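Per-entry structural report
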Amino acid sequence: MATVELKNLRKTYLTEEIIKGISLSIQEREFVVFVGPSGCGKSTLLRMIAGLEDITSGDLLIDGQRINDVEPGKRGLAMVFQSYALYPHMNVYRNMEFGLKLAGMPEAERRAKIEHVARTLQLEPYLHHKPGQLSGGQRQRVAIGRAIVRSPKVFLFDEPLSNLDAALRGQMRVELSALHRKLDATTIYVTHDQVEAMTMADKIVVLQKGVVEQIGSPLELYHHPRNLFVARFIGSPPMNFFPAIFQGGDSAGSSVQLRDGSTLYVPVTSPGLLPGTKVTVGIRPEHVELTSSGPNSGVVEVIERLGAITLVHVRMPEGEIIVVQTDGAVLTEVETRVSLTLPPKNCHLFAPDGLAFEACHRHPLAA
Amino acid sequence: MALKTKTSTRIGVTALGWSIALWLFFPIFWMILTSFKSEVQAISTPPKLFFMPTLSSYGEVFERASYWHFALNTVIVSVGATAIAVVLAVPAAYSMAFLPSKRTRGILLWMLSTRMLPPVGVLVPIYLLARNTHLLDTCTGLAVVDMLTNLPIIVWMLYTFFREVPAPILEAGRMDGATRWQEMTMVLLPLALPGIASTALLSLILCWNEAFWSLNLTSSHAAPLTAFIASFSSPEGLFFGKLSAASTLAVAPILVFGWISQKQLVRGLTFGAVK
């Protein structure tokens, strides 16, 4: 259990700046997820915390101690790698024992610890197997076990589930969440999968091109994305966007004119914005309502039926596609004309620079 | 139809393989055969394939020169040179494989380019250096030169083997608290052991068969088996029986050793290629 603090952390590789000044503080027992598209710097940031990459400038503190120049093994961290990185020449027991042995822990204590962890992770039958004899899920458990036995202050996970198939990934996700609660440890978890981020995190850090786009709880990111990037990245299928013209606003909301001439009064504030400014309206597929007739009509192009829900892709007269998530039993068919209703309370407005307008009311779950 | 073509192709490839192997082995076979002939039979035309084998050449060879003295020198020089080379090459290859800089590639090529230099080009300076350091006709001197000539190849091979070891495994070691040294000895070396073994084996064979430097830098005290063979090619003319017997005696140990360890050697040389 520990706090981790990043103060204006930067990383330059050759002449290119990969991490562009990240500040972040992580509380005790918090489960923090770094998420972002590939190449956003999330893995590099994790490796900088681990000590596997040098820090070009800035401070890294664990429990208030600056550890920029402390060896990886002495930082009190344990890491689970994407490829598991088990020692192929050692059996499961030896894999878990390696770190303890290097730390000089007595044999009896090591044995007790490893057996306890093996029991927790249901690894007992495999203690004398080599990693090559185990399935992907079992290897993953060994990698986690190897991290747990060291009783680290902070757990680091680098895309640990991306090598598993979908079913196992779902199962491990639940197991990891349960494990986190049981261990009460601070965890930093890197993933590109927003489902993992949403389901496991206490706090999500969205990264893009070495910059933090937003930090917040999963539902905060979902209901109040700070900018277009976060709005597009969080949520599946992604949010729909279309252009509009800002007309004016007051303390209770802002009105915009859509391209078909209709106006929308969205409960967001717009201080200082001039009427006539081009803005972007965003609405999630699950918030758009499908009606058979009315304004905002388009032609159904594709229907994806997932059983419980149906995704209807509607081509609008202006050419863009709006995705609507609706009931699994909806009777809409391809190439029919449908109308869309956009409930203003679920709409987001984004200024030309991509920043979101502040909502007048915070969502109760995203306080 | 497809199966039939496959079978005939396989037979063709097998036949080709066998003929190349036999063609390569023939000189060795002929050398061994000649070593069991008398001097007269050895130079008779047409050459005889069937004859009464005799050990007379071997007898004379043992009488004239102390085989064990030369053999011991060869063992000392090749084992010594290989051991030192591997010890020096492991850290070099480690840093090149896992901590590469932008010049690593260039350094590797430059190192290898020294192998392309004809040894005779540096004969005089090396001879003078050996003389001035009193290393002429010593096992140490020869071992140092053999070690240096093989070092580039050994570093290259180890570098290739180390590159096959996934970096996260070493990083996991570092996270577990291993020092660089422990990371190398407890994680990397066990994983790369097949590669290291075959590299050492190759170095051993190269040193064993190395003739140019041993003939030029040794005379009697430190003369290895290659010098032993050479001593039978002069000055009274060529005696093929004795020469063959000496050659057979010189190559036999490494041939047997190579044959025993061929599985290891093949595995090492095709490491990564078949994965």
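Just so you know, these numbers come straight off a predicted model, no measurement behind them.

Attention now goes to the layout of surface pockets. Counted as a void, the largest pocket has a volume near 910 Å³. What lines the largest pocket is a set of 35 residues, and nearest its centre among them are Leu52 and Glu53 of chain A together with Phe98, Leu99 and Pro100 of chain B. Counting residues per element, the ones that place at least two in the lining of the largest pocket are strand S1 (4-13) of chain A together with helix H4 (67-98), helix H5 (104-116), helix H7 (139-163), helix H8 (167-175) and helix H9 (180-209) of chain B. Looking at the lining of the largest pocket, its residues break down into 16 nonpolar, five polar and 14 charged. Approximately 660 Å³ is the volume attributed to the second largest pocket. Looking at the second largest pocket, it is lined by 31 residues, and the ones nearest its centre are Val145, Leu148, Thr149, Asn150 and Trp213 of chain B. At the level of elements, H4, H5, helix H6 (123-132), H7, H9 and helix H10 (212-217) of chain B are the ones that each hand at least two residues to the lining of the second largest pocket. The dominant element in the lining of the second largest pocket, judged by the number of residues it contributes, is H7 of chain B, at nine residues. For the lining of the second largest pocket, the per-class residue count stands at 24 nonpolar, five polar and two charged.

One way to see where empty space is left: roll a probe the size of a water molecule over the atoms. For the structure on display, the rule yields three cavities of 30 Å³ or more. Its volume calculated, the largest cavity comes out at about 90 Å³. Where the lining of the largest cavity is concerned, the elements lending two or more residues are helix H4 (136-148), strand S7 (154-158) and helix H5 (166-183) of chain A. The dominant element in the lining of the largest cavity, judged by the number of residues it contributes, is H5 of chain A, at four residues. Computed from the structure, the second largest cavity encloses a volume of approximately 60 Å³. Looking at the second largest cavity, the residues that line it are Ala78, Met79, Phe81, Arg146, Ala147 and Arg150 of chain A together with Ala172, Met175 and Asp176 of chain B.

Parsing chain A into structural domains produces domain 1 (4-231) and domain 2 (289-341). Centre-to-centre separation of domain 1 of chain A and domain 2 of chain A, based on C-alpha positions: 41 Å.

Here we come to the pattern of salt bridges. Two side chains of opposite charge can pair, provided their charged atoms sit close to one another. For the structure on display, the rule yields 23 salt bridges over all chains. Between Arg66 of chain A and Asp59 of chain A there is a salt bridge whose closest N-O contact spans 2.6 Å. For Arg66 of chain A, a relative accessible area of 48% gives the class partly exposed. The exposure class of Asp59 of chain A is partly exposed, given its relative accessible area of 28%. Taking the shortest distance from any N to any O, the salt bridge between Arg259 of chain A and Glu320 of chain A comes out at 2.4 Å. In this pair, Arg259 of chain A is assigned in the loop between strand S12 (253-257) and strand S13 (263-266) and Glu320 of chain A in the loop between strand S17 (309-315) and strand S18 (321-327), connecting sequence segments 61 residues apart. One network of salt bridges, in which partners are shared, links Lys11, Arg47 and Glu53 of chain A together with Glu171 of chain B.

All names here are of chain A. If you trace the five strands from one edge of the open sheet to the other, you get S13-S12-S11-S14-S20, paired in antiparallel fashion. Edge positions in the open sheet fall to S13 and strand S20 (348-350), since each of these has one partner strand only. When the angles between neighbouring strand axes are averaged without regard to direction, this sheet yields 40°. Pairing of strand S11 (residues 240-250) with strand S14 (residues 278-283), which is carried by six bridges, proceeds in the antiparallel orientation. Of the residues in S14, the one forming a bridge with Ile245 is Lys278.

What UniProt calls "domain: ABC transporter" (unreviewed entry) maps, in this numbering, to residues 4-234 of chain A. Note that residues 4-234 of chain A is 36% helix and 26% strand, and that its end C-alpha atoms are spaced 25 Å apart.

As a further point, take the pairing of S17 of chain A. All names here are of chain A. Among the seven residues that make up S17, five are buried, leaving the element largely enclosed by the rest of the structure. Alignment of strand S16 (residues 297-305) against S17, held across six bridges, turns out to be antiparallel. Within S17, the residue paired with Val300 across the bridge is Val314. Connecting S16 to the antiparallel partner S17 that follows it, the hairpin turn spans three residues, and Gly307 within it adopts a positive phi of roughly 95°. Connecting S17 to the next strand, S18, in antiparallel fashion are five residues, including Gly319 with a positive phi near 110°.

In many analyses, interface size is given as the accessible surface area lost on bringing the parts together. Counting from both sides, the interface comprises 15 residues of chain B and, opposite them, 22 residues of chain A. Buried surface at the junction of chain B and chain A, summed over both partners, amounts to about 1,600 Å²; 69% is from carbon and sulfur atoms. Linking chain B with chain A are two salt bridges. In this structure, Arg47 of chain A engages Glu171 of chain B in a salt bridge whose closest nitrogen and oxygen atoms are separated by 2.8 Å. Within the residue set of the side of chain B that touches chain A, elements represented by two or more residues are H8 and H9 of chain B. If you tally residues by element for the side of chain B that touches chain A, the top one is H8 of chain B, at seven residues. For the side of chain B that touches chain A, a count of residues per class yields nine nonpolar, three polar and three charged.

The rules behind the values
Residues numbered from 1 in each chain as written. Chains lettered and ligands numbered in written order. Predicted model: local features only at pLDDT ≥ 70, side-chain atom pairs only at ≥ 80, totals over all residues. Heavy atoms only, no water. 1 Å grid on protein atoms, 1.4 Å probe; cavity = no way out; pocket = protein on both sides within 12 Å on 5 of 7 lines; lining within 4 Å. Points joined across faces, edges and corners; volume = space filled by probe spheres on them. Helix = DSSP H or I, 4+ residues; strand = E, 2+ residues; numbered from the N terminus. Nonpolar A, V, L, I, M, F, W, Y, C, P; charged D, E, K, R; others polar. Domains from an automatic or database assignment. Salt bridge = Lys/Arg side-chain N within 4 Å of Asp/Glu carboxyl O. Buried < 20%, exposed > 50% of the residue type's maximum accessible area, 1.4 Å probe, protein only. Pairing = 2+ DSSP bridges. Axes fitted to C-alpha atoms, helices over the stretch in contact; angles between N-to-C directions. UniProt positions renumbered as here; feature names shortened; annotations may be inferred. Contact = heavy atoms within 4.5 Å. Buried area = accessible area lost by both parts, 1.4 Å probe.

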